[in-house]
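Examination of the molecular architecture
Listed below are the residues making up each chain.
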Amino acid sequence: MTDRTLPKWRPRTLAAQMCGAEEPLTKGVVPPVHVATTFIRDPDNEYRSGFAYGRPDNASVRQAETVIAALEDGEEALLFASGMAAATALVLSLEPPARIVAPKEMYWALRHWLAHEAVRYGYRIDFADLTDLDVVRAAVTPQTRLVWIETPSNPLWSLTDIAAVAELAHAVGALVAVDSTVATPVFTQPLTLGADIVMHSASKYLNGHSDVLAGVLVTRRRDRAWNSVTSVRMQHGAILGPFEAWLLMRSLRTLDVRLRAQSETAALLAARLSRHPGIAQVFYPGLDGHRGHAVAARQMRGFGAMLSVRVTGGEAHAIATASRVGLWRRATSLGSVESLIEHRASVEGPQSACPPDLLRLSVGLEDVEDLYADLDQALGLGLPCANANDGRRRT
Ligand SMILES: Cc1ncc(COP(=O)(O)O)c(C=O)c1O
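Keep in mind the model is a prediction, meaning the values are calculated, not measured. (Residues numbered from 1 in each chain as written. Predicted model: local features only at pLDDT ≥ 70, side-chain atom pairs only at ≥ 80, totals over all residues. Heavy atoms only, no water.)

1. A few points about the confidence of the model for the protein chain
- Confidence along the protein chain averages 94 in pLDDT terms, with 95% of residues attaining 70 or more.
- Scored below 50 in pLDDT, residues 382-391 shows 15 contacts in the model against residues more than four places distant or in partner chains. (pLDDT = per-residue confidence, 0-100. Contact = heavy atoms within 4.5 Å.)

2. Observations regarding the pattern of salt bridges
- Scanning the entire structure with this criterion turns up 21 salt bridges.
- Residue E76 is joined to R222 by a salt bridge in which the shortest nitrogen-to-oxygen separation is 2.5 Å. Placement of the pair is E76 in strand β1 (residues 76-80) and R222 in the loop between β7 (215-219) and α8 (224-236), with a sequence separation of 146 residues.
- Classification of R222 by relative accessible area gives partly exposed; the value is 47%.
- Salt bridges sharing common partners tie together D196, R220, R221 and D223. (Salt bridge = Lys/Arg side-chain N within 4 Å of Asp/Glu carboxyl O. Helix = DSSP H or I, 4+ residues; strand = E, 2+ residues; numbered from the N terminus. Buried < 20%, exposed > 50% of the residue type's maximum accessible area, 1.4 Å probe, protein only.)

3. Let's talk about the site of the ligand
- The local shell around the ligand holds 14 residues, among which G83, M84, D179, S201 and S203 are the closest.
- Within the side chain of S201, an N or O atom sits 2.8 Å from an oxygen atom of the ligand.
- Summarising the interface, the protein chains cover 92% of the accessible area of the ligand, which totals 390 Å² for the free molecule.
- Counting residues per element, the ones that place at least two in the shell around the ligand are α3 (83-92) and β6 (197-201).
- Per-class residue counts for the shell around the ligand are 5 nonpolar, 6 polar and 3 charged. (Near = heavy atom within 4 Å. Polar contact = N/O pair within 3.5 Å; in protein donor to acceptor, adjacent residues only side chain to side chain. Areas by Shrake-Rupley, 256 points an atom, 1.4 Å probe, with all protein chains shown as cover. Nonpolar A, V, L, I, M, F, W, Y, C, P; charged D, E, K, R; others polar.)

4. Some words on helix α10 (residues 255-274)
- Relative to the 28 Å expected for 20 residues at 1.5 Å per residue, α10 spans 28 Å between its end C-alpha atoms, a close match to the ideal helical length.
- Listed as buried for α10 are L255, D256, R258, L259, Q262, S263, T265, A266, L269, A270 and L273. (Expected span 1.5 Å × (residues − 1).)

5. Some thoughts on the sheet that holds β6
- Judged by pairing direction, the sheet is mixed, and its 7 strands sit side by side in the order β1-β7-β6-β5-β4-β2-β3 without closing on themselves. Each of the sheet's edge strands pairs with one partner strand only, and the pair in question is β1 and β3 (124-128). Each adjacent strand pair in this sheet contributes to an overall mean axis angle of 20°, direction not counted.
- The pairing of β1 with β7 spans 5 bridges and is antiparallel. In the sheet register, L79 faces β7, and the bridge partner there is V216.
- Helix α4 (residues 108-116) rests against β2 (99-103), β3 and β4 (144-150) of the sheet, and its axis sits at about 135° to β3. (Pairing = 2+ DSSP bridges. Axes fitted to C-alpha atoms, helices over the stretch in contact; angles between N-to-C directions.)

6. Side note on the environment of P155
- Note that P155 resides in the loop between β4 and α6 (162-171).
- Placed 170 residues apart in sequence, P155 and V325 show a C-alpha to C-alpha distance of 20 Å.
- Beyond its immediate sequence surroundings of up to four residues, P155 is in contact with E105, S308, R344, E348, C354, L358 and R360.

7. Thoughts on α4
- Listing the buried residues of α4 in full gives W108, A109, L110, W113 and L114.
- The inward-facing, buried residues of α4 abut α3, β2, β3, β4 and α13 (344-348).

8. Some thoughts on the sheet that holds strand β9 (residues 306-311)
- Taken in spatial order, the 5 strands of this open sheet run β8-β9-β12-β11-β10, and their pairing is mixed. The open sheet has two edge strands, β8 (279-283) and β10 (329-330), and neither has a second partner.
- Pairing between β10 and strand β11 (residues 340-343): 2 bridges, direction parallel. In the sheet register, R329 faces β11, and the bridge partner there is L340.

Okay, here's the thing in C-alpha cells:
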C-alpha cells in the first residue's frame, strides 16, 4: 500500500536510505531542514510546489511521514507535535456523540483524557478488557465508531489480538486504531493485520534518543475519515516542527537495528530477573508464563524491549530500588538508547491500577551485564523509603 513511486525495497532498506531522499541542489545524500513557513505563488495564482503555508504541511515533515508510512505499509502518515496530539486528533475527528471502545489497561494520560476530557465533547467511552474477545464482542455496539487498541499495553505489556478485534469492530462499522508505540513496525504492522490506523508516540522508539517529542498516525487508506484527521491537524495547528521531523528521520534510519539489539537484551534480562530472589514477578511478552505470550508469538516478530517487575518487599522497597540504581536512568518515558527505570504508580497517581510494587524498565543499548549488575546491586541495597508517596508526579 505504500506509494508506488517508492523503490521496491524492504522496510529496513527504505528506512536506512530515507526512502531514497536526497538534496536536489547539491546532490547531498541528506536532505536539508525545510524551515520556510510561507511559499511564493506561481504567476497564474497557483501553488504548484504543493506548499502554501507551514501549518498544513512541511517538506521535512513530509519526508519523515513517507518513511513511517512505508515502515507501517500504510498509504499516508501524519506527524503531530506529540503522541497525545496524534491520539486526541483522531478522536476529535469523529462526529460526537460517537462511542469509543478503549482498553482498561493503556497509557495512563490518554486514558485520563478519554475518561475526563473527551466526554466533555460528547464522546462516550466504553473501557473494556480487550485481551478477552468475549468482552470485546459485548462492548462493541452499532453506535461504536472507534475501537482503540494498545498492544503491548502499559505497564503490564498485555497483548490484544489485532486481527480478531478488527473483525468484531468492522462487523459494526467501527474503525480500529492501534497504539503500536511499544511494538514498533519492526515487530508488528497492525495495518497488515486489519487495523485502519496506527498511532505511535514517536517520542519513544521511532526517535529513540530522548530528544524529540512527536506523534504519528498512519492510515491504511486515504478516505473521508482520514481527511477529517488531516483537517483537525491543520486547524488545531498540531503539526510537528521541521527540526524535530529532521531529527526523527535521522533516527528512523537506525530503528531496525536499535530495536533488535534492545529487544535481545530485554529478553535476557527478563529471563535472569525471573530467577532473582528480589523479584516477585516479571511481565515480558517473550516469557512463556506471560498472559499474552501466545498472542505475542503469533502477532509479533520480536517481543520488544519493555518489561516490568514486581519487587519483593512492596512499594517502599520498589521505590528504594529505583533510587539505588547507578547506570539505569531514573526517569519516565521509554524507548530510548539509554535504559530507564521508574516506579510507575508514582507517575500515574492515586487512581492508578498499577501494582504499587511495580518498576517499569525500558531497556536501551547498554551491555546486558552492566544493566543486570546495576539492578542486582540496587535490589540488594534497596532500603524502604520513609514516605512511599514522595515524588508523585503525573505525565
Ligand atoms: C504507549 C504510549 N502512547 C502514547 C503516549 C503519549 O505520547 P507523547 O508523550 O509523545 O505525547 C505515550 C507516552 O508515554 C505512550 O507510552
